[in-house]
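Report on the structure
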Amino acid sequence: GQQVMQIPQYQHVQEGEDFTTYCNSSTTLSNIQWYKQRPGGHPVFLIQLVKSGEVKKQKRLTFQFGEAKKNSSLHITATQTTDVGTYFCASGSQGNLIFGKGTKLSVKP
Amino acid sequence: NAGVTQTPKFQVLKTGQSMTLQCAQDMNHEYMSWYRQDPGMGLRLIHYSVGAGITDQGEVPNGYNVSRSTTEDFPLRLLSAAPSQTSVYFCAAGYSYNEQFFGPGTRLTVL
């Protein structure tokens, strides 16, 4: 079945440093979604990408969907302590939404 | 609007007991789903529903039953709880499987 692999599993950064998490698939994805889960909280939808090569920005967050629609990335510029949490990518197909295992981000003040 | 609500927030069961995790949404979304989240495993889809009266299995359906008699409610039943079902359970709703709104979760421990 469809799988999405996410790396790295953990990332520790100093506040102000940039952060990137990557999502990869061996098959072409119809779309890619990104969610954020704060410690002790529930996943919160951030964005969905559908088009090949699509790039979307939300303030300090930049989301990209690869040209071949097999990979995606989330980049955070100048991390803040409020960015801590786990970031998940997910892809949907035929009613199923399959999540990557997530990248846990910690930010040192 | 409350969005997606889940009850209970915490539950401890003994092996073999049965229980129902409740999920309700007030957003009139057709699509609802249940996930379990285990350390290092991400979110895994248990069952989902594309509308009242329609349910289907996800990635890890064994040991769980669901039904969808109304648009608002999507309960998850554990027929005979096992320690392997210790997990955090999230219910979600959306217009489709895209852009899911998650509930606060139920933390279940099976002894």
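Described in the following lines is the structure provided in the data block. Treat the numbers as computed from the prediction; the structure is a model and nothing was measured.

All names here are of chain B. Read from one edge to the other, the open sheet built from four strands follows the order S1-S3-S8-S7, with strand pairing classed as antiparallel. Each having just a single partner strand, strand S1 (4-7) and strand S7 (64-66) make up the two edges of the open sheet. Strand-to-strand, the axes of this sheet are offset by a mean angle of 20°, without reference to chain direction. Sheet topology places S1 next to strand S3 (residues 19-25); four bridges connect them, and they run antiparallel. The residue of S3 that forms the bridge with threonine 7 is glutamine 22.

On to the interface of chain B and chain A. Residue-level contacts link 20 residues of chain B with 20 residues of chain A. Counting each side, the surface lost to burial between chain B and chain A is near 1600 Å², with a carbon and sulfur contribution of 55%. Among the residues of chain B in contact with chain A, B:Leu43, B:Tyr97 and B:Phe102 are the three that bury the most area, contributing 33% of the side total. Our enumeration of links across chain B and chain A arrives at zero salt bridges.

The rules behind these values
Residues numbered from 1 in each chain as written. Chains lettered and ligands numbered in written order. Predicted model: local features only at pLDDT ≥ 70, side-chain atom pairs only at ≥ 80, totals over all residues. Heavy atoms only, no water. Pairing = 2+ DSSP bridges. Helix = DSSP H or I, 4+ residues; strand = E, 2+ residues; numbered from the N terminus. Axes fitted to C-alpha atoms, helices over the stretch in contact; angles between N-to-C directions. Contact = heavy atoms within 4.5 Å. Buried area = accessible area lost by both parts, 1.4 Å probe. Salt bridge = Lys/Arg side-chain N within 4 Å of Asp/Glu carboxyl O.

What is shown is where atoms sit, not what they do.
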